[in-house]
Amino acid sequence: MIPYGRQNVSAEDVQAVVDVLRSDFLTQGPVVPAFEQAIVRLTGARHAVAVNSATSALHVACLALGLGPGDRLWTVPNTFLASANCARYCGADVDFVDIDPGTWNMSAPALEQRLKLAEAAGRLPRVVVPVAFGGQSCDMRAIRSLADRYRFAVIEDASHAVGARYAGRPVGCGEYADVTIFSFHPVKIVTSAEGGMALTQDDRLASRMQLFRSHGMTRDPALMEGASEGGWYYEQIELGYNYRMTELQAALGLSQLERLASFVERRHQIAARYAALLDGLPLETQQPLEAAHSALHLYPVRLRDSQRRRSVFDAMRNAGVGVNVHYIPVHLQPYYRRLGFACGDFPVAESYYAGAITLPMYPDLSEAQQDHVVASLREALR
Ligand SMILES: *Cc1c(COP(=O)(O)O)cnc(C)c1O
């Protein structure tokens, strides 16, 4: 089976992990900070806080922003569950903004319209989470200007977009988002097996996220409430978690970063070839946004005739092509339906989903494999 995504692990990556295994620190050593600094250099962010997953990064970002009961977080239905769940962990409410029918990303006009209504009703969100779907940024300039006007914080879920650019600068540079989230899950652009990071320009947010990553405890005298009782002394000043990334994971992630640019370039070659091979088929691909240079985590297509999605999906799976679907609209999950959401609430995301199929996309996908993917799709669509 050709998978829809797959990691590329080199001999150097393996050696980097083995070196850590033979070192003094398996956790809380020097490699996590080195990985964080490499991401800082890559993106131009001031701070990068490594955690054990992007889900944890979303959670500590919400906590650092003070999200809590009575607050609202808005995201899109066309995302992975975690972009919404982070609000629920904090006891806050979730609502959604529909997507743009071309880019399949958060629609800035839809966001603006909902903000006007929410302002009139006194129900503005405290946090908005735009998601760089497939690795392509949302219209972040528009979203930032709405954030300034309506005073909400922006957490950009860039789990798909490590190595992507927007308006000429790396995603994560902090010009548009208060916090940017990266994922290092094996299907993403670079991997640390499990792992994530939260990037910010804000010193206080960074220090709060570090606190929540590790039990809410500190050894920093400036943060302590009492006087130190000696060299062993620490204080717990918040209720935090154990969300730490291990040294093994950081070593893998750091070693992978060396090949980030070549991974993204290879994904662009594959996408260009898909575009040529798929030409003339009854489907749509993700519309590019002029300011964005995607990392191309995914290659989603939308069949014009969504009635055929199920049979095309099954036929391709039977032909050994591990197609997938991104994403089942989050508001239609049983958990969110119980909170009051229903079919018809976000029609653009629902109609996109009905015809969506994700084709295999990863650096080691060969031309022969890609030809097989396209031949099986053509056959299924005949
Ligand atoms: C993968 C993903 C996450 C969660 O990432 P983990 O590192 O697996 O926790 C969150 N948001 C989006 C959009 C994702 O694709």
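One can find the structure itself at the top, above this paragraph.
For the structure given in this document, a descriptive report is provided here. Just so it is clear, the model here is predicted, and its values are computed rather than measured.

### Structural notes on the environment of Asn 242
Next, step 1: Its location among the elements puts Asn 242 in the loop between β11 (235–236) and α8 (247–257).
Next, step 2: Under the relative-accessibility criterion, Asn 242 is labelled partly exposed at 43%.
Next, step 3: The spatial distance from the C-alpha of Asn 242 to the C-alpha of Val 312 is 43 Å, given a sequence separation of 70 residues.
Next, step 4: With residues up to four places along the chain from it excluded, the contact list for Asn 242 reads Asn 52, Arg 213 and His 215.
Next, step 5: At 3.2 Å, the side chain of Asn 242 forms a polar contact with the backbone nitrogen of Arg 244.

### Looking at the packing of helix α2 (residues 31–43) against α8
Next, step 1: Following both chains from N to C, one finds α2 and α8 inclined at 30°, their axes separated by 8 Å at the closest point. If you check the angle between α2 and α8, you find them roughly parallel. Note on packing geometry: the crossing formed by α2 with α8 is left-handed. Along the contact surface, α2 presents Val 31, Val 32, Ala 34, Phe 35, Ala 38 and Ile 39, while α8 presents Glu 247, Ala 250, Ala 251, Gly 253, Leu 254 and Leu 257.
Next, step 2: For the contact of α2 with α8, the class distribution of residues is 10 nonpolar, 1 polar and 1 charged.

### A few points about unusual backbone geometry
Next, step 1: The step from His 326 to Tyr 327 runs through a cis peptide bond, and the omega angle for that step is 0°.
Next, step 2: Summarising the element assignment, Tyr 327 is placed in the loop between α10 (309–318) and α11 (334–338).
Next, step 3: Here Leu 296, not a glycine, exhibits a phi torsion of approximately 55°, which is positive.
Next, step 4: As for its placement among the helices and strands, Leu 296 is situated in the loop between β13 (292–293) and β14 (299–303).

### What about the pattern of salt bridges?
Oppositely charged side chains can form a pair if their charged atoms are brought close together.
Next, step 1: Enumeration over the complete set of coordinates arrives at 18 salt bridges.
Next, step 2: Across the pair Glu 36 and Arg 213 runs a salt bridge, and its minimum N-O distance is 2.9 Å. With Glu 36 in helix α2 and Arg 213 in helix α7 (residues 203–213), this pair connects stretches of sequence that are 177 residues apart. Taken as a pair, Glu 36 and Arg 213 share a single burial class, namely buried.
Next, step 3: Salt-bridge contacts for Arg 310 lead to Asp 314; the nearest nitrogen and oxygen are separated by 3.4 Å. With Arg 310 and Asp 314 both in helix α10 and 4 residues apart, this pair spans about one turn of that helix.
Next, step 4: Beyond isolated ion pairs, a larger network of salt bridges with shared partners links Glu 112, Lys 116 and Arg 149.

Calculation rules
- Residues numbered from 1 in each chain as written.
- Predicted model: local features only at pLDDT ≥ 70, side-chain atom pairs only at ≥ 80, totals over all residues.
- Heavy atoms only, no water.
- Helix = DSSP H or I, 4+ residues; strand = E, 2+ residues; numbered from the N terminus.
- Buried < 20%, exposed > 50% of the residue type's maximum accessible area, 1.4 Å probe, protein only.
- Contact = heavy atoms within 4.5 Å.
- Polar contact = N/O pair within 3.5 Å; in protein donor to acceptor, adjacent residues only side chain to side chain.
- Axes fitted to C-alpha atoms, helices over the stretch in contact; angles between N-to-C directions.
- Parallel < 35°, antiparallel > 145°, perpendicular 65-115°, else oblique.
- Left-handed = near helix turned anticlockwise from the far one by under 90°.
- Nonpolar A, V, L, I, M, F, W, Y, C, P; charged D, E, K, R; others polar.
- Salt bridge = Lys/Arg side-chain N within 4 Å of Asp/Glu carboxyl O.

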